[in-house]
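# Observations on chain architecture
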Amino acid sequence: MFNSTKGERWYRIVFSVPDFELRQGKRYPLSFDLIADYDKYLKNNFFGIGNHSQSRSREVYTKEPLEIQAVLSRGFSSQFVGQVGVKFKTVRNFNASSTGLFMQSLPQVNHGRSGGLTFFSSFRYDSRNSFVNPSEGNVAQLDLEAGTSGLVSDYSLKSATVSLQTYHVLFYPKTIFAARLLGQAIGGTNLPVHTYASLGGNKTLRGYPQDRFLDRVALLSNAEVRFPLVWRFNGILFADAGRVWGSVDAVSILSRGWRANLGFGLRLLMDTFVVRADFGLSREGSGFYFNFGHAF
């Protein structure tokens, strides 16, 4: 659970058989995860859609998502895992200005409550030595998600995400280099803003506000050096870079408009989870984030 009087209120319940850490690096016939997330962003950001949205266009509104997902997984080997699942997500948007950018530029599905039922699959090569706090190994993962409008869905969605992660011990005993490359493409009709690819916030561009850049396609890179301090505390230095586009056809690595930031942070390493605090600096200002789990 995480609660902040001025920012985010996040409550998560997870039931897993067997536990994530116990099945990491093992072959297993079947696992089951039931995950329920309730969140409330008291002052969620909206800057507009696209990579060229302006920081001065910032509006705030309250976003209240509820997400429930059930996942079946199989460890085909110690390093290859397949998953299938179903997800229901409903989001209520309110406290937005009736004459502002959010209400005037976005489809009606964003005004009030929207909901979607989707099915997803995941295929992962994972050689990490730990799920909670890896120090060695690599991850290559493909996530696919799709759903159509219907009885409980206001929109149709198609999503594909590719992620590559690597972890290496630089210096004895536990100075670790971690890096990630991520690409995401979103398609569908009547899409609410919460389904868009998003950059900015505690897991993407940490020197920018949450949801700073929104669009149909996103590319993201992160690099971290994680080093021990004292007891269970670790320090971290990081760099993030990313960009969004309106379509897959428009994507170019040589495009201008890439956004980047530098930062540092602190980790408290527990047996089954990580407490994380990050401070990022960018040309638009800074971001401070307190949350759980590594950014990747």
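Here the structure is a predicted model, which is why all the values come from computation and not from measurement.

The rules we used
- Residues numbered from 1 in each chain as written.
- Predicted model: local features only at pLDDT ≥ 70, side-chain atom pairs only at ≥ 80, totals over all residues.
- Heavy atoms only, no water.
- Helix = DSSP H or I, 4+ residues; strand = E, 2+ residues; numbered from the N terminus.
- Rg over C-alpha atoms; globule rule 2.2 N^0.38 Å.
- Buried < 20%, exposed > 50% of the residue type's maximum accessible area, 1.4 Å probe, protein only.
- Contact = heavy atoms within 4.5 Å.
- Polar contact = N/O pair within 3.5 Å; in protein donor to acceptor, adjacent residues only side chain to side chain.
- Phe/Tyr/Trp six-rings, centres within 6.5 Å; stacked < 30°, edge-to-face > 60°.
- Lys NZ or Arg CZ within 6 Å of the ring centre and 35° of its normal.
- Patch = residues over 30% accessible without salt bridge, like charges linked within 9 Å, V, L, I, M, F, W, Y side chains within 5 Å.
- Areas by Shrake-Rupley, 256 points an atom, 1.4 Å probe, with all protein chains shown as cover.
- Salt bridge = Lys/Arg side-chain N within 4 Å of Asp/Glu carboxyl O.
- Pairing = 2+ DSSP bridges.
- Core = buried A, V, L, I, M, F, W, Y, C linked by side-chain atoms within 4.5 Å.

## Some thoughts on the overall build of the protein
- Of the regular secondary structure elements, the protein holds two helices and 16 strands.
- Scaling as 2.2 N^0.38, a compact globule of 296 residues should have a C-alpha radius of gyration of about 19 Å, and the protein matches this with 19 Å.
- Scored against the burial criterion, the 296 residues of the protein give a buried share of 47%.
- Pairs at least 24 apart in sequence give 58% of the contacts found in the protein among residues at least 6 apart.

## Digging into unusual backbone geometry
- Cis rather than trans, the peptide bond between valine 17 and proline 18 has omega equal to -10 degrees.
- Locating proline 18 in the fold gives a position in the loop between β2 (8-17) and α1 (20-23).
- Positive phi, close to 65 degrees, is recorded for asparagine 95, a residue that is not glycine.
- Within the secondary structure layout, asparagine 95 lies in the loop between β5 (80-94) and α2 (101-105).

## Quick notes on the side chain of serine 163
- Mapping serine 163 onto the fold places it in strand β8 (residues 156-171).
- By relative accessible area, which is 6% here, serine 163 ends up buried.
- A polar contact of 3.3 Å, which involves the side chain of serine 163, links it to the side chain of glutamine 165.
- Excluding its chain neighbours within four sequence positions, the residues that come into contact with serine 163 are Val139, Ala140, Gln141, Arg180, Leu181 and Leu182.

## Points about the packing of aromatic side chains
- Tallied over the entire structure, the rule returns 13 aromatic pairs.
- Their ring planes at 65 degrees and their centres at 5.6 Å tell us that tyrosine 208 and phenylalanine 213 sit as a pair that is edge-to-face. Comparing tyrosine 208 with phenylalanine 213, the two get one shared label, buried.
- By the ring-pair criterion, three or more aromatic residues cluster together here, those being Trp10, Phe273, Phe290 and Phe292.
- A cation over an aromatic ring shows up here: lysine 87 above the ring of phenylalanine 120, its NZ or CZ 5.7 Å from the ring centre.

## With respect to the side chain of asparagine 291
- Checked against the element boundaries, asparagine 291 lands in strand β16 (residues 285-292).
- Contact partners of asparagine 291, with chain neighbours within four places excluded, come to Glu8, Trp10, Asn202, Val274, Val275 and Arg276.

## A word on a nonpolar patch on the surface
- Taken together, the side chains of Phe15, Val17, Leu30, Phe32, Leu34, Leu66, Ile68, Leu72 and Val84 present a nonpolar region at the surface, about 750 Å² in accessible area.
- When residues of the nonpolar patch are traced back to their parent elements, those giving at least two are β2, β3 (28-46) and β4 (59-75).
- Counting through the fold element by element, phenylalanine 32 comes out in strand β3.
- For phenylalanine 32, a relative accessible area of 31% puts it in the partly exposed group.

## Quick notes on the pairing of strand β12 (residues 217-230)
- Sheet analysis places strand β9 (residues 175-189) next to β12, joined by 10 bridges and oriented antiparallel. Note that in β12 the partner of glutamine 184 across the bridge is alanine 218.
- Bridging between β12 and strand β13 (residues 233-245) involves 13 bridges; their strand directions are antiparallel. Pairing of serine 221 across the sheet is with alanine 241, part of β13.
- The loop that links β12 with its antiparallel partner β13 comprises two residues; one of these, tryptophan 231, has a positive phi angle of about 55 degrees.

## Re the nonpolar core
- Phe46, Phe102, Leu191, Val193, Leu199, Leu205 and Phe213 are the most contacted members of the largest nonpolar core, which has 20 residues in total.
- Elements represented by at least two residues in this core include exactly β9, β10 (197-199), β11 (213-215) and β12.
- Every residue in contact with phenylalanine 46, bar those within four places of it in the chain, is listed here: Ser57, Arg58, Glu59, Tyr61, Leu101, Phe102, Ser105, Leu106, Val193 and Leu214.

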